[in-house]
Amino acid sequence: MIRVVIFDVDGTLMDTNYLHVEAWARAFSEVKHPVPRAAIHRQIGKGSDLMLGALLPDEAIHGRANELHSQFFDELKDHTYPLPGAKEILATLSSQDIGIWLATSAKSEELEHHVQALEAKDKLAGLVSSADVDSAKPAPDIFQLTLERAGCSPKESIVVGDTIWDIQSAQGCGLQTIAVRTGGAFSREELHAAGAVAVYQDCAELLASGFPITFEAR
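Let me sum up the structure you'll find in this document. It should be emphasised that the depicted structure is a prediction, and the values quoted were computed from it without experimental measurement.

Some details on the overall build of the chain
A tally of regular secondary structure across the chain gives 11 helices and 6 strands. A compact globule built from 218 residues would reach a C-alpha radius of gyration of about 17 Å, and the chain, at 16 Å, matches this within 12%. When the backbone C-alpha atoms are referred to their principal axes, the chain occupies close to 50 × 30 × 30 Å. For the chain, with 218 residues in total, the buried portion stands at 53%. Of all intrachain contacts in the chain linking residues separated by at least 6 positions in sequence, the fraction that spans at least 24 positions is 66%. About 9600 Å² of surface is accessible on the chain, with carbon and sulfur atoms providing 48% of the total.

This is the structure:
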């Protein structure tokens, strides 16, 4: 039986990925190291330190780029909104007494805004962000800490995410991942190849499938 569902936030519940891409693109341009937006998009979902390491060869400007990203995203965040089915799936799971956890690489200052937009404050059992662990996704630390705080085993839990980084992170502590395609960076085939047990267009399609009952027998 699934007792806990662990959700990624950016690109899974909230339509933020493309705004993060834009904020990072502006930040990289500001530090005189422009990066194609397509390359940035593929890195969204990783912890910012790992993302910067993959895209910026000069470590001396990582801190400034990170600060600029936060500044630019703060200017864009009012344009974010819940993805199809996001609020509904949280409400449905909450009504079924299933523990809902958020496990995200999002910065703490972004999370308050997202939780409010999702109308999720009274529905969450808890949340874990990259600030709570030493290593962000795709390391397993975020999901491992979530399991510990939730007091459940991987067999009693499942992850819902949108990137291969979510899948790799979850696999590191024995969790299965259902992928949704609302993040936009990875194809259905790539998500399956990375290890997703199922791939849906969005949380609305996942909810319509009968989730989580449809996965309890797997």
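Concerning the sheet that holds strand β5 (residues 177-180)
Here 6 strands make up an open sheet; going across it, the order is β3-β2-β1-β4-β5-β6 and the pairing parallel. Looking at the sheet topology across the chains shown, the edges are occupied by β3 (126-129) and β6 (198-200). Averaged over all pairs of adjacent strands, the angle between their axes in this sheet comes to 20 degrees, without regard to strand direction. When strand β1 (residues 4-7) meets strand β2 (residues 99-104), the two strands line up parallel, connected through 4 bridges. In the strand pairing of β2, Val4 is matched with Gly99. Contacts from helix α7 (residues 141-150) reach β1, β2, β3 and β4 (157-161) within the one sheet, and its direction differs from that of β2 by about 155 degrees.

Some details on the nonpolar core
Counting 29 residues, the largest nonpolar core has Val5, Phe7, Phe211 and Phe215 as its most contacted members. Elements that contribute at least two residues to this core include exactly β1, α5 (86-95), β2, α6 (108-117), β4, β5, β6 and α10 (203-208). In terms of residues, this core owes the most to one element, α5, which gives 4 residues. If sequence neighbours within four positions are ignored, Phe211 has contacts with Val5, Ile89, Leu93, Ile158, Val160, Ile178 and Leu206. If you look at the next biggest cluster of nonpolar residues, it comprises 21 residues, including Ile40, Ile44, Leu56 and Leu76.

Notes on the packing of aromatic side chains
Within a pair of aromatic rings, the relevant descriptors are the distance that separates the centres and the angle that separates the planes. Overall, the coordinates contain 2 aromatic pairs when judged by the stated rule. When the ring of Trp24 is compared with that of Phe28, the centres are 5.5 Å apart and the planes differ by 25 degrees; the resulting orientation is stacked. Taken together, the positions of Trp24 and Phe28, both in helix α1 (residues 17-30) and 4 residues apart, correspond to about one turn of that helix. Phe28 shares its class with Trp24; the two are buried. When the ring of Trp165 is compared with that of Phe186, the centres are 6.3 Å apart and the planes differ by 85 degrees; the resulting orientation is edge-to-face. With Trp165 in helix α8 (residues 164-171) and Phe186 in the loop between β5 and α9 (188-194), this pair connects stretches of sequence that are 21 residues apart. Here Trp165 and Phe186 have matching classes, each one buried.

Definitions and cut-offs
- Residues numbered from 1 in each chain as written.
- Predicted model: local features only at pLDDT ≥ 70, side-chain atom pairs only at ≥ 80, totals over all residues.
- Heavy atoms only, no water.
- Helix = DSSP H or I, 4+ residues; strand = E, 2+ residues; numbered from the N terminus.
- Rg over C-alpha atoms; globule rule 2.2 N^0.38 Å.
- Buried < 20%, exposed > 50% of the residue type's maximum accessible area, 1.4 Å probe, protein only.
- Contact = heavy atoms within 4.5 Å.
- Areas by Shrake-Rupley, 256 points an atom, 1.4 Å probe, with all protein chains shown as cover.
- Pairing = 2+ DSSP bridges.
- Axes fitted to C-alpha atoms, helices over the stretch in contact; angles between N-to-C directions.
- Core = buried A, V, L, I, M, F, W, Y, C linked by side-chain atoms within 4.5 Å.
- Phe/Tyr/Trp six-rings, centres within 6.5 Å; stacked < 30°, edge-to-face > 60°.

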